[in-house]
Amino acid sequence: MVTFVCCLLSTIPLSYYNGMAIASLSAQTSMAAGAVLNATFGSIIELILYVVTINQGLEEVVRAALTGSLLGALLLIPGMSMVLGGIKYKEQRFSPAVAGVSSVLLVISIVGAFTPTIYYRLYGNYVLDCSNCTITNGAYHCTQCQQEERDLDNDPIYTGKARTLMFICAAILPLAYIVGLVFTLKTHTHILYAKPDDKHHAEEEEEEEQGGHGEAVWSKWQSLAVLVVCTCMFALISEKLVEGIQDVT
């Protein structure tokens, strides 16, 4: 328990310096490069933890963590931003075009993630296990029945079809992510980030030239070094953290 708490607390400064390194790199690059850096390395600590947890066989922990992360990103953070922004500003604006693109990518992600599971739930090989059964006029009457999955490796529906569908969806999702990045940051920036007037246009151009993320705390090489060190340290800590999860549960 003590090891788990210490490992958990040690991730706080690592996450802080990891975020500072990403922010410094983003401030010294263009808006597109900064967005890619934030999207790619912003959750690298979570990704490392998920990989280590899966290798330890704790799939349920990963599912719960992903669910909490998605709910936090979709509901908690936007909700807090709206509430705290409303305290200071009477009127807040957002881009419907950007929100529409994000919603489409979210729907694609949900469809790609759940399609293999739904397919196997509909057509997979299940066994009906019943107990407390009686025979009346040649018919079975059971009070307790439950549907159980057979071994996936011995199920032809899974090995021949569902697994292939899973690989196809796993290949499509990163492709859709890349297409979304190109669409939002390269080909249709004039639509998604339209300037409302000359004043705002000048302010946003100046912000984009500076990277759009404030002042850089470290240089590019210092930021890269901090990012690599934080990532390596968390990879070492994650092993003990997962072992602590097993002890706690």
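All of the points below concern the structure found in this document. Each chain carries its own residue numbering, running from 1 in the direction its sequence is written. A pLDDT threshold of at least 70 governs which residues receive local features in this predicted model, and a stricter bar of 80 or more applies before side-chain atom pairs are shown or counted, although totals over entire chains, interfaces and linings include all residues. In computing side-chain values, all of the structure's heavy atoms are included and hydrogens and water are not.

**What about the nonpolar core?**
A general trend in soluble globular proteins is that nonpolar side chains are found buried together.
So, point 1. Residues enter a nonpolar core if they are buried and are Ala, Val, Leu, Ile, Met, Phe, Trp, Tyr or Cys, with the set joined through side-chain atoms within 4.5 Å. For every residue, the accessible area obtained with a 1.4 Å probe (protein chains only) is divided by the maximum for its type, and the residue is called buried under 20%, exposed over 50%, and partly exposed between those limits. Core analysis: the largest hydrophobic core is formed by 14 residues, its most contacted members being L14, I48 and F234.
So, point 2. Considering every element that reaches this core, the biggest residue donor is helix α9 (residues 220-248), with six residues.
So, point 3. Two residues qualify as a contact provided that any one of their heavy atoms is within 4.5 Å of a heavy atom in the partner residue. Those residues in contact with L14, other than ones at most four positions away along the chain, are I45, C230, M233, F234 and I237.
So, point 4. Of all hydrophobic cores here, the second largest spans five residues; its members include A21, I22, L25 and L227. Secondary structure is summarised from DSSP: a helix means a run of H or I of at least four residues, a strand means a run of E of at least two, and numbering begins at the N terminus for each.

**Quick word on the pattern of salt bridges**
So, point 1. By definition, a salt bridge exists where a carboxyl oxygen of Asp or Glu is found within 4 Å of a side-chain nitrogen of Lys or Arg. On inspection of all chains with the given rule, the structure shows one salt bridge.
So, point 2. Note that R63 is salt-bridged to E60, the shortest N-O span being 2.6 Å. On the criterion of helical spacing, the pair formed by R63 and E60 is a turn pair, its members being three residues apart in helix α4 (residues 59-88).

**Quick look at the side chain of N18**
So, point 1. Within the secondary structure layout, N18 lies in helix α1 (residues 2-27).
So, point 2. According to the relative accessible area criterion, N18 is buried, its value standing at 4%.
So, point 3. If sequence neighbours within four positions are ignored, N18 has contacts with F41, I44, I45, L227, C230 and T231.

**Overview of α1**
Every α-helical turn comprises 3.6 residues, leaving residues that sit three or four positions apart pointing alike.
So, point 1. Take the residue count of a helix, subtract one, and multiply by 1.5 Å to get its expected span. For α1, spanning 26 residues, the distance from its first C-alpha to its last is 38 Å, which sits close to the expected 38 Å at 1.5 Å a residue.
So, point 2. Along α1, the residues that are buried comprise F4, C7, T11, L14, N18, A21, I22, S24, L25, S26 and A27.

**Some thoughts on the environment of C133**
So, point 1. Take C133: it is sitting in strand β1 (residues 126-136).
So, point 2. Apart from the residues within four sequence positions on either side, C133 is in contact with Y140, H141 and C142.

**Overview of the side chain of T53**
So, point 1. Tracing the chain through its elements places T53 in helix α3 (residues 44-55).
So, point 2. Assessed through its relative accessible area of 3%, T53 is described here as buried.
So, point 3. Polar contacts involving the side chain of T53 include one to the main-chain carbonyl oxygen of L49, which spans 2.6 Å.
So, point 4. Apart from the residues within four sequence positions on either side, T53 is in contact with L58, V61, V62 and V242. Contacts described as polar in this section are N or O atom pairs within 3.5 Å, which, within protein, must combine one atom able to donate a hydrogen with one able to accept it, while residues neighboring in sequence count only if both atoms come from side chains.

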